[in-house]
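For reference, the chains in residue letters:
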Amino acid sequence: MRTTARRTHARTAALAVSAALLLGLAVAPAAEAETGGGAGAGGDRKPAKTLHQLARESGRYFGAAVDNPELPDTEYADLLGREFGQTTPGNAMKWYATEPQRGVFDFTAGDEIVAYAKAKGLKVRGHTLLWHSQLPDWLTSRTWTPAELRSILKNHITKVAKHYRGKVFAWDVANEIMNEDGTYRENIFYTALGPGYIADALRWAHAADPKAKLYLNDYNVEAVGPKSDAYYKLVKQLKADGVPVDGFGMQAHLALQFGYPDRLRQNIQRFARLGVDVAITELDIRMVLPSDASKLAEQADWYGRVTEDCLAVRRCVGITVWGYSDRHSWIPAVFPGEGAALPWDEKLARKPAYDAIRGALTGGGS
Ligand code: 9MR
């Protein structure tokens, strides 16, 4: 139903444009209408609001991840500054980058993103204080006693969170700590310290930056299922124990071939009822390549639905897309033969997904 309605609407819009062209009417180039930076030729046309400005109207943010090597691509980076109100560093704040040697901290890459964000008026989500992946060799290449590992983890979290105090508004404190079946992932911290490392990490992060919103964050948790159930139980327990947990991040790396997570809205709602915020933290919607009009229409429909599902719950505070153009995306390297996952294409032209997000943010569907 929903897909049909959206497609019908898209078709109607396309027909209207064709009709206007036939009649010789001026049709504003999309980029100009979006970011014209001023009035149109007649002086009476306001530039269209950006995705973030629209999200802002309901008290939310609309953001995108960025990685340091992308910043010199100024055409690309300018779009980030123009369209979004929030950014997440794709890699710059991960352990391998911030503590490349034991006790030796390097904030160069993270600071670069923070400076860029500040210059463009974007707020920053910190990502991530604790993860099983992208750990430095010094940490993974030998074994540690539980006491050593606890002290290493505490020091890392404390130093990084203190450095970015006042510069990030939220942290993904613990990233991807559950298995698909809802058991704890046996990362080096779990193996040495048991599940209590998660509460400790949250407490240390809170001590270092009392104002930052502290999140648990994972993928494949958008639907209701064993993995999201495990987080639900964990967040409930942490709250009951007075542990500082403020939010649950649903990464939302979706793929058309696996179907839409139908109970996303209900899932967001149940976390909100536990008294935590929810954020869509790493949204992208990939497809098996090549893309075609029907896949792009389905992708657009999904982008619209995710946006609507977030908007439907007061405590869903914002949406971050993981990159924004197919020019720079992690997907083709990890899932060969898949991609085209973002709302802008390689040439930075807006895809149907962009209009669908916009439609959802303006309450008119896509
Ligand atoms: O976008 C990140 C990419 O540049 C890295 O190569 C990759 C390494 O695992 O991590 C990507 O970001 C991940 C994020 O930190 C956590 N959730 C999954 C993301 C995609 O892999």
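Fair warning: this is a prediction, and the values are worked out from it, not measured in the lab.

**Let's talk about the packing of helix α8 (residues 146-163) against helix α10 (residues 196-208)**
At their nearest, the axes of α8 and α10 sit 8 Å apart, and the two run at 35° to each other. In the packing of α8 onto α10, the handedness of the crossing is right-handed. Between α8 and α10, the residues in contact are R150, L153, K154, I157, T158, A161 and K162 and Y197, D200, A201, W204, A205 and A208, respectively. Classifying every residue of the contact of α8 with α10 gives eight nonpolar, one polar and four charged.

**Re the nonpolar core**
In globular proteins that are soluble, nonpolar side chains generally tend to be buried together. With 98 residues, the main nonpolar core has W171, L216, I280 and L283 as its most contacted residues. The element best represented in this core is α10, accounting for eight residues. Dropping the residues within four chain positions of it, I280 is found in contact with M250, Q251, A252, I268, V306, C310, C316, G318, I319 and T320.

**Some remarks on the packing of aromatic side chains**
For the structure on display, the rule yields 19 aromatic pairs. With a centroid separation of 5.6 Å and an interplanar angle of 90°, the aromatic rings of F107 and Y164 are classed as edge-to-face. In this pair, F107 sits in the loop between α5 (95-98) and α6 (108-120) while Y164 sits in the loop between α8 and β4 (170-175), placing the two residues 57 residues apart along the sequence. Summarising the burial analysis for this pair, F107 and Y164 share the class buried. Aromatic side chains Y164 and W171 sit 6.3 Å apart centroid to centroid with 65° between the ring planes, which places their arrangement in the edge-to-face category. One exposure class covers both Y164 and W171, and it is buried. In textbook terms, an aromatic cluster arises when at least three aromatic residues are bridged by ring pairs, as seen for F62, Y76, F84, Y324, W344 and Y354. Seen from the ring of F169, K123 lies directly overhead, with NZ or CZ sitting 4.2 Å from the centre. Directly above the aromatic system of W144 lies the positively charged group of R142, at a separation of 3.8 Å from the ring centroid.

**Description of the confidence of the model for the chain**
With 87% of its residues at a pLDDT of at least 70, the chain reaches an overall mean of 90. Within the model, the stretch residues 1-43 combines pLDDT values under 50 with 40 contacts to residues more than four positions away or in other chains.

**Considerations on α10**
Since the α-helix packs 3.6 residues into each turn, any two residues three or four apart lie on the same face. Between its terminal C-alpha atoms α10 stretches 19 Å, which fits the 18 Å expected from 13 residues at 1.5 Å a residue. Restricting attention to buried positions, one finds in α10 the residues Y197, I198, A199, D200, A201, L202, W204, A205 and A208. Packed against the buried residues of α10 are β3 (123-130), α8, β4, α9 (188-193), β5 (213-218) and α11 (226-240).

**Some details on the site of the ligand**
With respect to spatial proximity, 13 residues lie near the ligand, and among them N91, K94, H127, E282 and W322 are the closest. N91 places a side-chain nitrogen or oxygen 2.9 Å from an oxygen atom of the ligand. The contact in question runs from an oxygen atom of the ligand to an N or O atom on the side chain of W322, over 2.9 Å. When the ligand sits alone it has 450 Å² of accessible area, and the protein chains cover 74% of it. When the residues that make up the shell around the ligand are grouped by side-chain class, the tally is three nonpolar, seven polar and three charged.

What counts, and at which threshold
Residues numbered from 1 in each chain as written. Predicted model: local features only at pLDDT ≥ 70, side-chain atom pairs only at ≥ 80, totals over all residues. Heavy atoms only, no water. Axes fitted to C-alpha atoms, helices over the stretch in contact; angles between N-to-C directions. Helix = DSSP H or I, 4+ residues; strand = E, 2+ residues; numbered from the N terminus. Left-handed = near helix turned anticlockwise from the far one by under 90°. Contact = heavy atoms within 4.5 Å. Nonpolar A, V, L, I, M, F, W, Y, C, P; charged D, E, K, R; others polar. Core = buried A, V, L, I, M, F, W, Y, C linked by side-chain atoms within 4.5 Å. Buried < 20%, exposed > 50% of the residue type's maximum accessible area, 1.4 Å probe, protein only. Phe/Tyr/Trp six-rings, centres within 6.5 Å; stacked < 30°, edge-to-face > 60°. Lys NZ or Arg CZ within 6 Å of the ring centre and 35° of its normal. pLDDT = per-residue confidence, 0-100. Expected span 1.5 Å × (residues − 1). Near = heavy atom within 4 Å. Polar contact = N/O pair within 3.5 Å; in protein donor to acceptor, adjacent residues only side chain to side chain. Areas by Shrake-Rupley, 256 points an atom, 1.4 Å probe, with all protein chains shown as cover.

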